[in-house]
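Each chain is listed here by its residues.
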Amino acid sequence: MKEKRDSSRLLLNMRRSISYIVLVFLVFLCLFPFFVLLVNATRSHPDIQKGFSFIPGGSFLTNMVHVLNNENLPVLSGIVNSLFIAGMSGILATYFSGLTAYAIHAYEFRLKRAVYLFIMLIMMVPVQVSTLGFVDLMGKMKLMDNFIPLIIPSIASPVVFFFMKQYLDSTLPLDIVEAARIDGSGEFSTFNKIVVPIMKPAIAVQAIFTFVGSWNNYFVPSLIIKSNSKKTLPILIAQLRSADFLKFDMGQVYMLVAIAIFPVVLVYICLSKFIIRGVTAGSVKG
Amino acid sequence: MQKKLLVVLLIGTMLLSSLTGCSSKAPKDTSETNASVTKAAKTEDTAATDTEDTGAEEAGAAQGKVLNIYCWNEEFKSRYTDYFEKAGKLPEGISVNFIITPSDNNAYQNALDQALLNQKSAATDDKVDMFLIEADYALKYVDSEYALDVKGDVGLTDGDLADQYQYTRDIVTDSNGIQKGTTWQATPGLFVYRRSIAKDVLGTDDPDKVQEALNDWSKFDQVAAEAAAKGYKMLSGYDDAYRTFSNNMSAPWVDGNKIVIDDNIMKWVDQTKLYTDKGYNNKTSLWAPEWAADQGPEGKVFGFFYSTWGINFTLLGNSLETPVSEGGKEEVGNGIYGDYAVCRGPESYYWGGTWICAAAGTDNLPLVKDIMLTLTCDPVTMKQITEDTQDYTNNMTAMNELANSDFQSAFLGGQNHIKLFAEAAPKIDMSNISSYDQGLNESFQRAFKDYFDGIVTKEEALENFYKSAIEKYPELTK
Amino acid sequence: MKKERQKIVKQKGVSYAKWGYLFLIPFFTVYIIFSLIPLISTFYNSFFENYMSGLKRIGPNFIGFENYKSILNADLLQYMNNTLIMWLMGFIPQIGVALLLAVWFSDLRLRLRATGVFKTIIYMPNLIMAAAFSMLFFTLFSDSGPVNNILMGMGALGEPFRFLSSVWATRGLIAGMNFLMWFGNTTIVLMAAIMGIDGALLEAAAIDGASPWKVFSKVIIPSIRPILIYVIITSMIGGIQMFDIPQIFTKGAGSPDRQSMTLIMYLNNHLFSKNYGMGGALSVILFIISAILSVLVFASMNKDMVKRKGGK
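Cut-off values and rules
Every chain is numbered independently, its residues counted from 1 as its sequence is written. Chain letters and ligand numbers both follow the written order, the letters beginning at A and the numbers at 1. Selection of residues for local features in this predicted model requires a pLDDT of at least 70, selection of side-chain atom pairs for listing and counting requires 80 or more, and totals for whole chains, interfaces and linings are taken over all residues. Orientation is described by lines fitted to C-alpha atoms, with helices fitted over the stretch in contact, and by angles between N-to-C directions that extend from 0 to 180 degrees. Note on conventions: DSSP H or I runs of at least 4 residues are helices, E runs of at least 2 residues are strands, and numbering of each starts at the N terminus. Orientation categories follow fixed angle ranges, with anything under 35 degrees roughly parallel, anything over 145 roughly antiparallel, 65 to 115 roughly perpendicular, and all other angles oblique. Left-handed describes a crossing whose near helix is turned anticlockwise from the far helix by less than a right angle; the clockwise case is right-handed. Two residues qualify as a contact pair if the distance between their C-beta atoms, derived from the backbone, is within 7 Å. Classification convention: Asp, Glu, Lys, Arg as charged; Ala, Val, Leu, Ile, Met, Phe, Trp, Tyr, Cys, Pro as nonpolar; all other residues, Gly among them, as polar. Either an automatic procedure or a domain database provided the assignment from which the domain bounds are taken. The term nonpolar core refers to a set of buried Ala, Val, Leu, Ile, Met, Phe, Trp, Tyr and Cys residues connected through C-beta atoms within 7 Å. The burial label depends on the number of other C-beta atoms within 10 Å of a residue's C-beta. Counts of 20 or more mean buried, 12 or fewer mean exposed, and intermediate counts mean partly exposed, with C-beta atoms placed from the backbone. Two strands pair under a simple rule: DSSP has to find at least two bridges between them.

## Remarks on the packing of helix α17 (residues 396-403) of chain B against helix α18 (residues 417-424) of chain B
Residue and element names in this part refer to chain B.
Argument step 1. Where α17 meets α18, the axes come as close as 8 Å, and the angle between the chain directions of the two elements is 140°. One finds that α17 runs oblique with respect to α18. Considering how the two elements wind past one another, α17 and α18 form a crossing that is left-handed. When α17 is examined against α18, the residues Met399, Asn400, Leu402 and Ala403 are found in contact with a partner set consisting of Ile418, Lys419 and Ala422.
Argument step 2. By residue class, the composition of the contact of α17 with α18 is five nonpolar, one polar and one charged.

As structure tokens, then:
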């Protein structure tokens, strides 16, 4: 008996050690790009051009000053714009996709199945497919150089909807909705006051995904935004990368990339604790 | 839990405040533009009739209030600011607006095309007034109705343009022989070689004697073999010599709608394959870190094809052991500073350059003319630009003056390279350009990289080139 | 009080369908304006010759199925194949590692420490924009990059291995980047699902002395099925839409020999000339492929749901 317990403990310890080794290796892989990025942000352009180095260079401040003092590179407004667009996209995408998922989940209506199938179908359509038409249309609607085409479309995010739907399927029994009705709660307020809190972990997860996706998006904004004051960070990075030979400076590019990543990491770390806590709370209740 | 809630709240308020910041600003903006639009619209009718028969001077009063310049980086902006705006030449009441779109993923041309196509319906102060182009796709805009004739429409005279290098004018001359753009810089290219390696291989580092040894491609190949025997590489990458071949094609890339592969281009293919197989090159690509490293103290490469701007900035930067930003000085002793020299090389070519066009429909013609005149035709300003920035400017008189002075470049071991540039620039012949050059040159080099790498055969590489070319330009055929 | 009850009784009979429709309005309004109209115009354009030659528009001229013909005659299968291979090369390790980690993190007996830190870090590569990521990999695996230096220093290589000139190395690196960017995301999603499993179920299995593998295959996998399907579908979408990373990594050429050119990169090539015709036709083909895939997944999911309901 004791032997058996010992051997099972040994087995457990072994499994634990393997887990740690694998985890440490993966953590190394994950942090390595950040490390290289930070190292390169401290190096001067000729230094970077000469090849790779694990040792930081001495140009951190120079690069920082160059990036922040470049009058054609509105970094601060770029951060604010990116934050605004990505933040609004995250909020709108999660709220309205949640609402849509709830509509399909909680109500019985004739077109329900058709609607669900339709969304599943359009979920597969690559964004790039309709880009040409999209940009044309925005021009006709006089929405060029405007944040609307970058924010509002996230209200209809099929992928977020799909996640919400799957989440509701596994966490929201219809009895709760029924109970709310008996308590005299209106349908819309049931969604806001009861369903949204239950979906918090899902909302947090999808909010991050949407936020990051929008934060890093270059393709569509580069076709929509024109004026300097409205540019987002990826556009500014691309602008640095297509600088003329006099100004071309990989040190600055890496510095701006590092600056661009910092706020996302911050938002992520804030939200990630929220998610993990939310998920754990949910499981305890369950 | 409450702490976390606080964080979320904070982010929320941050977003909200930026939202309200935006929304409170937005109405103001639109009302402003609306006002200026109506104002401009009123003056437009008179301006349009005026400019045609009365001269540019009188029309000046009726100019639009905003000059919009489309470009992809800040190079022109700094020239404009330093030599036009700071010189006090900007009329009062007009503001200049640079619309910078990066060239990544063709974004610049997409934005410019869209703006030009909407030019007619755009509000007066939103119209494109000037736009910048590069040589490789210049004809796309020059051969269209969207660029104005710099003489007939803008009002520059033959006298104004006489001092510009011919090739810079050819590049922006449309199929009817009308010049539709102008530039402040000329970018003739030379062959930059390492003095120490030349001494070892050829027994001399004298530019004239080296030039003699490299005077044509067969001599060049011979030196490559000798250099290889001593453990050097003649060139760094596959595409180093490409421009010298593509600038000297016997006919344009496209005849009617048919893609024509010039013999000179195939000569590049054969030469590069030979160099690769025999180890005369280092298999790098332009701008790759390996390529830059080959130009530094550890490099074993005989030389590089570089034009005006590349030598004093890129090459110089790459040659230093300790970069300037880390306390290094630009002087002999730091890396291989002083070990480079220039000669003409086997063929004349150019590399780079930016041209300015006036957009059809501009409401600021007099100002556009003034800018073109000052920055691209005025010898005093242009000489000043060269002296301040070492940019080689597009003015023969001013450049010849420098060429015949006792100007010395310490970086090139005391050589007066301006003299060589001044000799090379008039020899460049760019009459064979086409509006497809950008896409076709790019596709060709990429397709043949696989051939040099030994992954595909020559025929397969050609096939891949055609595929990519026709994807880019559906009207073309094999 | 009586009145209220009456109201409730009444309401029970009332249909709530209108609320369902009402809640769908924002999604569909936005979808129709910002996606459907451009999409339909894209499809419509596929039957026309319509592109820009310089600044001149050629067309639109109706040409029937010509665009489809030329696309099917081109190497469409090759690009599909490339996309599929690179997706699988990234997805298989991604789902495998993610499942493993999700199980480890939620295994109460294993009691790993500092899981919060691990969980936080593994998602972080996703925060780096694809452009920056490819730029970094490009540097790391270049001919004189650190990977080659290390391999040569160890004596594993005599001369640098030219990763970007090898078809399989290029595909592998693209897949590797996709893996690194997305496995954390998948882990978090799966972990959320596993945490949602009824604790009593796992406890019962533990008391029965089930081996970790048994618990995994008999309890965990069936319970997280909906989320697994979500992961597979979204990853498949990501696979079909694979673009940024290979585009920047190979500088748009899908090099070497167009063997790492994905479907969307091919589509992007047609955007250069604003080729609404060819781009539209390619979009329709992509749409059909996607539709077939989604119907397949949807069907298997439904079958699954029926089975589960039957089982109950």
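Once the structure has been displayed, the description carries forward.
## Let's talk about the interface of chain A and chain C
Argument step 1. Facing the 72 residues of chain A at the interface are 76 residues of chain C.
Argument step 2. At the level of secondary structure, the elements contributing two or more residues to the side of chain A that touches chain C comprise α1 (2-41), α4 (75-106), α5 (112-123), α6 (131-140), α8 (158-171), α9 (174-182), α11 (200-215) and α14 (250-285) of chain A.
Argument step 3. Broken down by element, the residue count for the side of chain A that touches chain C peaks at 13 residues, all from α1 of chain A.
Argument step 4. Tallied by class, residues from the side of chain A that touches chain C come to 50 nonpolar, 15 polar and seven charged.

## Things to note about the domain arrangement of chain A
Residues and elements named next belong to chain A.
Argument step 1. The domain boundaries assigned to chain A delineate domain 1 (2-59) and domain 2 (64-283).
Argument step 2. Every contact between the two is made by ten residues of domain 1 and, on the other side, seven residues of domain 2.
Argument step 3. Breaking the side of domain 1 that touches domain 2 down by element, the ones donating at least two residues are α1 and α2 (45-50).
Argument step 4. No other element matches the four residues that α1 contributes to the side of domain 1 that touches domain 2.
Argument step 5. Here the side of domain 1 that touches domain 2 is composed, by residue class, of four nonpolar, five polar and one charged.

## Section: the nonpolar core
Nonpolar side chains in soluble globular proteins tend to be buried together.
Argument step 1. Judged by nonpolar contacts, the single largest core of 282 residues is most densely connected at Leu256 of chain A, Phe131, Val192 and Cys357 of chain B together with Phe133 and Leu190 of chain C.
Argument step 2. Here this core takes 17 residues from helix α8 (residues 167-195) of chain C, the largest share from any one element.
Argument step 3. Aside from chain neighbours lying at most four places away, what touches Leu190 of chain C is Ala98, Leu99, Ala102, Ile224, Ile227 and Val231 of chain C.

## Considering the pairing of strand β2 (residues 56-62) of chain C
Residue and element names in this part refer to chain C.
Argument step 1. Two strands pair when backbone bridges link them, and strand β1 (residues 48-53) and β2 are joined in this way by five bridges, in the antiparallel orientation. When the bridges of β2 are listed, Phe48 appears paired with Phe62.
Argument step 2. Count of turn residues in the β1/β2 antiparallel hairpin: two residues, of which Gly54 carries a positive phi of about 65°.

## A word on the sheet that holds strand β3 (residues 130-134) of chain B
Residue and element names in this part refer to chain B.
Argument step 1. Pairing is mixed across the open sheet formed by four strands, whose spatial order is β2-β1-β3-β9. Each edge of the open sheet carries a strand with a single partner, namely β2 (95-100) and β9 (354-358). This sheet shows a mean twist of 25° between the axes of neighbouring strands, independent of strand direction.
Argument step 2. For β3 and β9, the ladder comprises five bridges, and the chain directions are antiparallel. From the neighbouring strand, Leu132 faces β9, where its bridge partner is Ile356.

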